Each structure stands twice: as structure tokens, then as C-alpha cells.
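In case you want the letters, here they are:
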Amino acid sequence: MRMSSLFAPTLKENPQEAEIVSHSFMLRAGMIRQLSSGIYAFLPLGLRTISKITKIIKEEMDRAGGQELLLPALHPGELWKETGRWEVYGPELIRLKDRKDRDFCLGPTHEEVITDLARREIRSYRQLPLLLYQIQTKFRDEIRPRFGVMRAREFIMKDLYSFDRDFEGLEISYQKMYNAYCRIFDRCDLSYEVVPAESGVIGGAVSHEFLVLADSGEEKLLICPTCNFSTTQDEERCPHCGTDLEEKRGIEVGHIFQLGTKYSEPMKAYFVDRDGEEKPLIMGCYGIGIGRTMAAAIEAYHDDKGIQWPLSIAPYEVAIIPINWKNAKQREVAEEIYQESQEKGFEVVVDDREFSAGYKFSEADLIGFPLQVIVGEKMSQEGKIEVKVRKNDQRWEAKKEELFTLLFKLKEELASKA
Ligand SMILES: Nc1ncnc2c1ncn2[C@@H]1O[C@H](COP(=O)(O)OP(=O)(O)OP(=O)(O)O)[C@@H](O)[C@H]1O
Ligand SMILES: [Mg+2]
Ligand SMILES: [Zn+2]
């Protein structure tokens, strides 16, 4: 990609409406724009990171035995009345009428819709266990949409639903998802805590939240510095070792629930078991907020100049920055590196604009390209190219012939350990 044609409208100033860094940097780096309160467009750079997180999630869902499908976003109200959530969900549910005056809503979550599919299509224990997931837009009329895509009214979620014969099966599915979630957040290079949680409106007994630690987080959690026990419940001392718990704040990026028969009973989603008996499906549900994960990564990785993307979810891996585009030699070398790096499989931009070096550097730091290849004076004089690692500001030098050895080495070092 050429920076001269990239649609990334960056902002110099801190936008007034942004209360937290991730919101501010996503706006400033030209990754998102607000259409209306809590409703955002992802621009090309923002969408690239969303797509990378999505790819990691899909790979791990598939690895755990999940199958992707896509359910409708527009739900008939009757389904929600069957489970009682038409009332329970309250004003967060966005309701509408069709031309025949029938009730509809925009899906904030999909238990009703998937259970309806399951009751019509799952007949026998032979079809179980079944893990179905989707990556989809959800709608919730949040009382306080804020922090950009972190708490939005329209947002992208991965939701998986598990169907089992019995509670032992559910335990296995739940553990698979738990492990898959750990792999996903590890691959996104995020450090997180897994805490037993209240299950709220969605219901069920066992539930865990995946929280990324950040001062701006809306969730309070208590961590034991000795044995790593963590909880969101009010407790003073660790129940395992008695140490005083430390208070931290976290961002809920993922949430998993054992639902049991909460939806299958009222919606009569039964199957015929091996013993010939009709039994309700035993369900679980598992969600990850994709936009919120992106924002949490920025909360975790930034400095005062901008974002410090982990390589695994950066919109591009490498930016090539010739400091003077009018200099024919710099331009030629930059173009060669640009071509070769694409051939070698790097995701790369070249800054082919006639702006000052300072402007180009600060924009590259704002957007947060993990590796920056600087073609400047040293190149003309000593034939050397500089490589900067955004995350720690380390600088390296290489002759052009050795540049790719260096880039591969740095890429290897930055690659997530998961
Ligand atoms: N308004 C929102 N904007 C962006 N992401 C969201 C929003 N609400 C939920 N999510 C994401 O979807 C995931 C699964 O949804 P779930 O219903 O478990 O959220 P929740 O418990 O309502 O979250 P919260 O307590 O933050 O409102 C959450 O873990 C979060 O990452
Ligand atoms: Mg909520
Ligand atoms: Zn402890």
C-alpha cells in the first residue's frame, strides 16, 4: 500500500469526545469514525486489525471443533417472547415493527435464534456434540455508549453456542472454549486474567470473564499477588493462601457461560438420547467482542506518540519511510525494498508522500507500524538503512543486501509466543 493513496484521515489534535487513549488513537490514526452515538465505521486501517483478530478467532474456533455459520441480525419478537427476554432485556433491546405491525428486534445476542435452529434440526444424540459460531454485528442500545468501539451500540462479536447430550459433555465443550480463548488472547499478545463471573441477563450457572488489565477498564477485579487467584467478587483476603488481595481494573473482552437448559427447556429444544428418551439440549455460549479486543490492545500497548501494535494484529507489519521523496536515490531504494518486501510476504506500506520527515515519522508512530524502515542520509553516504522497532524504539542498521535478514530476525522476535 502506498501512503499517498491510503485512506487514513489522521488527526493532529486529541479529539474532545475521547475519554480514553484507545478511543483517541483510533480516531487520530484514521481507523474509525463515528456515525452516531456508539455507532462506528471502521476505515481501512481499522478494518485490517479487525480482520486479523477475526482470523485468529476463526482459526482457534475451528481448531476446537467449531463450525462457522451466519445467523440473521433481524429477529422475530415471538422468539424473544418464548424465553421471556422480550421483557427482561429492557430498553437495551432495539425493537421495531415490520409493515404488518409484527414485533422484531435487532439481535444483541443469539441464544433464541440458535435454539430455534437447534430444535428444528437436532433430532438425535448422534448429532452431538455440536459447536456453532458466527462473527456478526450485534445491537445493544447501551445506556451509556462510550469509549468508542469499546462500549458501542453496534459492534462485532464472535459468538459460539455448544450443544451437548449431558452436563459432562458441556464440561468438555466449555473447557475446549476456555482453552481456545486463552490461545486467542495469547496470539493477540494480550495479557489477561480469567475470573469466575456473574452471568447477568444471559443466565446459567458457571461463567468466566476474560479481562485485559488496564487502568481505564470498567471492571474491578481483585488479584492475589502470591498465588494469582483472581475474582470480581468483593473479598479482602485470598481464599487459597490468605494474602491480601490487590485491586486492579480490567476490560472484559470475552465471556463464556454454561447455560444448561435455560433456553432449551422453554423453547422445547429436545433430542432423542441413546436410551430412546427425549431430553433437552445442554447448552453453552461463548462471546468475544472484536472491536473491544482491538481497543483493549491499544489500552495495553501505546505511548504518548501513538499505538504500539503487537505484530500479530497490526494493520501492516512494516512501513518504509524515505525521508525525502524528492531524492531520486532514496525513492529508487524505497521502491526496491517495497517490491521485495511484498514478494517476501511482508504486509507493508511505503510512505511515498512529499511531506517532511518529521511529519511522516510522527504519523508512522501514531498508526503504530511495528517495524519502520528508514531510508535517509545514511543510505546516500554509507549505503545503510535504518530499522526502528516501534515497541521499544530500538534502532538497527543494515546494508541493503542484509536488510531482509534483519527484518526476518526482528519479525521473528516480535511474533507472538503463542
Ligand atoms: N456494547 C458493547 N460494545 C462492544 N463490545 C461489547 C459490548 N457489549 C459486549 N461486548 C463484547 O461482547 C462480549 C460478549 O458479550 P456479553 O453479553 O457477555 O457482554 P456483557 O457482559 O454485556 O459486557 P459488559 O458487561 O461490558 O456490558 C463481551 O465480553 C464484550 O467483549
Ligand atoms: Mg452489557
Ligand atoms: Zn492466594
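Being a predicted model, the structure only gives us computed values, none of them experimental.

Q: Residue-level account of the coordination of the zinc ion (ligand 3), with values.
A: Taken together, the protein donors to the zinc ion (ligand 3) comprise Cys-224 (SG), Cys-227 (SG), Cys-238 (SG) and Cys-241 (SG), at separations of 2.2 to 2.3 Å. Between the four donor atoms coordinating the zinc ion (ligand 3), the angles at the centre fall across 99 to 122 degrees, so the site counts as tetrahedral. Here the donor residues of the zinc ion (ligand 3) share one chain and are spaced in sequence as C-x2-C-x10-C-x2-C. Taken together, the residues Cys-227 in the loop between strand S11 (219-223) and strand S12 (230-231) and Cys-241 in the loop between S12 and strand S13 (246-260) connect sequence positions 14 residues apart. A relative accessible area of 36% means that Cys-227 is categorised as partly exposed. The partly exposed category is assigned to Cys-241, whose relative accessible area is 37%.

Q: Residues and numbers for the domain arrangement of the protein chain, please.
A: Domain boundaries in the protein chain define domain 1 (21-303) and domain 2 (316-414). Every contact between the two is made by nine residues of domain 1 and, on the other side, six residues of domain 2. Summing both partners gives a buried area of about 710 Å² for domain 1 against domain 2, and 54% of it is carried by carbon and sulfur. Area buried by domain 1 at its contact with domain 2 is led by Leu-45, Arg-48 and Lys-52, which between them contribute 52% of it. Between domain 1 and domain 2 we count three salt bridges in total. Residue Arg-48 pairs with Glu-347 through a salt bridge whose shortest N-O separation is 3.6 Å. Linking domain 1 to domain 2 there are three residue pairs in polar contact (both at pLDDT 80 or more). Among the elements of the structure, helix H1 (21-28) and helix H2 (44-63) are those that each provide at least two residues to the side of domain 1 that touches domain 2. No other element matches the three residues that H2 contributes to the side of domain 1 that touches domain 2. A class-by-class count of the residues in the side of domain 1 that touches domain 2 yields four nonpolar, no polar and five charged.

Q: So what's going on with the pattern of salt bridges? Residues and values would help.
A: Under the criterion given, the structure shown has 44 salt bridges. In this structure, Lys-58 engages Glu-68 in a salt bridge whose closest nitrogen and oxygen atoms are separated by 3.4 Å. Of this pair, Lys-58 sits in helix H2 while Glu-68 sits in strand S3 (residues 67-68); the two residues are 10 residues apart in sequence, bridging distant segments of the chain. What makes Glu-68 partly exposed here is its relative accessible area of 42%. The salt bridge partner of Arg-63 is Glu-60, with a shortest N-O separation of 2.8 Å. With Arg-63 and Glu-60 both in helix H2, this residue pair falls three residues apart, about one helical turn. Since its relative accessible area comes to 54%, Arg-63 is described here as exposed. Via salt bridges that share partners, Asp-303, Asp-365, Glu-386, Lys-388, Arg-390, Asp-393 and Arg-395 belong to a single interconnected network.

Q: An account of the site of ligand 1 is needed here, citing residue identities and associated values.
A: For ligand 1, the set of nearby residues contains 16 residues, the closest of which are Glu-142, Arg-151, Ala-152, Glu-252 and Arg-292. The contact in question runs from an oxygen atom of ligand 1 to an N or O atom on the backbone of Gly-289, over 3.1 Å. Considered on its own, ligand 1 offers 590 Å² of accessible surface; in the complex 87% of this is hidden by protein. For the shell around ligand 1, the secondary-structure elements that each account for two or more residues are strand S8 (154-164) and S13. In terms of residue class, the shell around ligand 1 is built from eight nonpolar, three polar and five charged.

About the criteria used
- Residues numbered from 1 in each chain as written.
- Chains lettered and ligands numbered in written order.
- Predicted model: local features only at pLDDT ≥ 70, side-chain atom pairs only at ≥ 80, totals over all residues.
- Heavy atoms only, no water.
- Donors = N, O, S within 2.8 Å, 3.2 Å for Na, K, Ca; no water.
- Tetrahedral: all angles 85-135°; square planar, octahedral: opposite > 155°, others 65-115°.
- Helix = DSSP H or I, 4+ residues; strand = E, 2+ residues; numbered from the N terminus.
- Buried < 20%, exposed > 50% of the residue type's maximum accessible area, 1.4 Å probe, protein only.
- Domains from an automatic or database assignment.
- Contact = heavy atoms within 4.5 Å.
- Buried area = accessible area lost by both parts, 1.4 Å probe.
- Salt bridge = Lys/Arg side-chain N within 4 Å of Asp/Glu carboxyl O.
- Polar contact = N/O pair within 3.5 Å; in protein donor to acceptor, adjacent residues only side chain to side chain.
- Nonpolar A, V, L, I, M, F, W, Y, C, P; charged D, E, K, R; others polar.
- Near = heavy atom within 4 Å.
- Areas by Shrake-Rupley, 256 points an atom, 1.4 Å probe, with all protein chains shown as cover.

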